[in-house]
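Residue strings, one per chain:
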Amino acid sequence: DYQQMDRILKEERNYILSIVKKIRKSGCNVLLIQKSILRDAVTDLSLHYLAKAKIFVVRDIERDQVEFISKTLNCLPIAHVDHMTPDKLGQAKLVEEMPVGGSRVTKFTGVDNVAPTSCCLLRGSNKLVLEEAERSLHDAQCVIRCLVQKPFMLAGGGAPEVEVSRKLGAWAKSLTGMESYC
């Protein structure tokens, strides 16, 4: 029956509008949404109303990135719209979506009380090159972490052996007779 379909669509529209009003009331103008197992968790209609309310939406954030983003932007993850309050929101002077290669990246600048985090954007010609670059970056980060924890470094590539050989050669020259050869 068309009347029931119209009633359901009207209820959906009113429900989405009430959610958008709650988001707007909290002072939020950039909304980061975690990737959902539900394919249609964010509908085109909701995106339309959020855009009309001048709320920028970043969708499909991976679950393992939520903690990093929350720490970086100095905000708290919010599970329900009713819990959105200004004290849980982060502050940034500028949020912009920039083209990088064939995709788009969201850039936050001027974040208040910025946490000691950093982000590296890796690009590669194919998946294999990208995975190798990621492994290399991870290795480098592990080296830096070890140096910060214990500030001792031993050079590689045979450098310790060469240094020992040089010191032994210099010491052998100070000795006389057969002791200098053995």
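From a predicted model like this one, the values you see are computed outputs, not experimental measurements.

What counts and what doesn't
Residues numbered from 1 in each chain as written. Predicted model: local features only at pLDDT ≥ 70, side-chain atom pairs only at ≥ 80, totals over all residues. Heavy atoms only, no water. Core = buried A, V, L, I, M, F, W, Y, C linked by side-chain atoms within 4.5 Å. Buried < 20%, exposed > 50% of the residue type's maximum accessible area, 1.4 Å probe, protein only. Helix = DSSP H or I, 4+ residues; strand = E, 2+ residues; numbered from the N terminus. Contact = heavy atoms within 4.5 Å. Expected span 1.5 Å × (residues − 1). Polar contact = N/O pair within 3.5 Å; in protein donor to acceptor, adjacent residues only side chain to side chain. Salt bridge = Lys/Arg side-chain N within 4 Å of Asp/Glu carboxyl O.

Would you take a moment to explain the nonpolar core for this structure?
Soluble globular proteins tend to bury their nonpolar side chains together. Counting residues in hydrophobic clusters, the biggest one holds 14 residues, and the most contacted among them are Val20, Ile23, Cys28, Leu31, Leu50, Ile55 and Met84. Residue assignment for this core shows that the elements contributing at least two residues are α1 (2–25), β1 (30–34) and α2 (44–52). A total of 3 residues in this core trace back to one element, the largest contributor, which is α1. Ignoring any residue separated from it by four or fewer positions in sequence, one finds Met84 in contact with Ile23, Ser26, Cys28, Leu31, Ile78 and Leu89.

Before we go on, may I ask you to explain helix α4 (residues 127–149) in this structure?
It helps to recall that an α-helix has 3.6 residues per turn; residues three or four apart then point in one direction. Here α4 spans 33 Å end to end across 23 residues, near enough to the 33 Å set by a 1.5 Å rise per residue. Measuring from the side-chain oxygen of the N-cap residue of α4 to the backbone nitrogen of Leu128 gives 3.2 Å; that N-cap residue is Asn126.

Explain the pattern of salt bridges to me, please; I cannot follow it from the model alone.
Throughout the structure, instances matching the rule amount to 7 salt bridges. With a shortest N-O distance of 3.2 Å, Glu11 and Arg7 are connected by a salt bridge. In this pair, Glu11 and Arg7 are both assigned in helix α1, 4 residues apart and thus about one turn of the helix distant. Of the charged contacts, one joins Asp82 and Lys22 as a salt bridge, the two residues approaching to 2.9 Å between their closest N and O atoms. With Asp82 in the loop between α3 (66–73) and β3 (92–100) and Lys22 in helix α1, this pair connects stretches of sequence that are 60 residues apart.

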